[in-house]
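For reference, the chains in residue letters:
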Amino acid sequence: MTAAILQLREMGIELSIDDFGTGYSSLGGLYNFPINVLKIDRSFISLMGTNSKNLEIIEIIVTLAHKLGVDVLAEGVETKEQLLLLRKLNCQYGQGHFFSVPLNSSAAEALIMENPQW
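Residues numbered from 1 in each chain as written. Predicted model: local features only at pLDDT ≥ 70, side-chain atom pairs only at ≥ 80, totals over all residues. Heavy atoms only, no water.

Participant: Would you mind going over the environment of Gly94 with me for this structure?
Facilitator: Inspection of the secondary structure puts Gly94 in strand S4 (residues 93-95). Along the primary structure Gly94 and Gln82 are separated by 12 residues, whereas in three dimensions their C-alpha atoms are 9.8 Å apart. Setting aside its immediate chain neighbours within four residues, Gly94 contacts Leu73, Ala74, Val77 and Phe99. (Helix = DSSP H or I, 4+ residues; strand = E, 2+ residues; numbered from the N terminus. Contact = heavy atoms within 4.5 Å.)

Participant: Whenever I open this one, the sheet that holds strand S1 (residues 16-20) confuses me. Can you help?
Facilitator: Ordered by their spatial adjacency, four strands build an open sheet running S1-S2-S3-S4, and the pairing between neighbours is parallel. Only two strands of the sheet have a single neighbouring strand rather than two, namely S1 and S4. Put simply, the sheet's adjacent strands are angled 20° from each other on average, direction ignored. Here S1 runs beside strand S2 (residues 37-40); their pairing, made up of three bridges, is parallel. By the bridge assignment, Ser16 is partnered in S2 with Val37. (Pairing = 2+ DSSP bridges. Axes fitted to C-alpha atoms, helices over the stretch in contact; angles between N-to-C directions.)

Participant: Could you clarify how one ought to interpret the pattern of salt bridges in this entry?
Facilitator: Side chains carrying opposite charge are able to pair once their charged atoms draw close together. Taken as a whole and assessed by the stated rule, the structure comprises two salt bridges. Across the pair Glu75 and Lys39 runs a salt bridge whose closest N-O atoms are separated by 3.7 Å. Taken together, the residues Glu75 in strand S3 (residues 71-75) and Lys39 in strand S2 connect sequence positions 36 residues apart. A relative accessible area of 15% means that Lys39 is categorised as buried. For Glu78, the salt bridge is made with Arg42, and the minimal N-O distance between the two is 4.0 Å. Placement of Glu78 in the loop between S3 and helix H5 (80-88) and of Arg42 in helix H3 (residues 42-46) is noted, with a sequence separation of 36 residues between them. (Salt bridge = Lys/Arg side-chain N within 4 Å of Asp/Glu carboxyl O. Buried < 20%, exposed > 50% of the residue type's maximum accessible area, 1.4 Å probe, protein only.)

Participant: Explanation requested: the environment of Leu111 in the structure shown.
Facilitator: Among the structural elements, Leu111 can be located in helix H6 (residues 105-114). For Leu111, a relative accessible area of 23% puts it in the partly exposed group. In this structure Leu111 touches Phe99, Ser100, Leu103, Pro116 and Trp118, once residues within four positions along its chain are discounted.

Remember that the coordinates give geometry; whether it matters functionally is a separate question.
Below, the structure written as structure tokens:
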């Protein structure tokens, strides 16, 4: 399987580990697979403002990913406060309803062309 993943990367396809911290994602995936992005599961993001331990877990995940040379994407960003906290933790990317509801390709292109500054 790793050979196939390496072939995908050679083709310029970037790979992510989705929903990190839940289900079948594990620390082993961070060094066993040649990934580009680690996606933090929304369950951690949704509680980050109300639970200091969740914020610490997010900080640890971001730090670990950066030490391994991997970018970080937070799933389920719903508020400006969450975005500001994630920026303080040096999380490079976010997705969620704070930015937009799910869009079809033409609506997504229009949003990108508007060049919103979050």
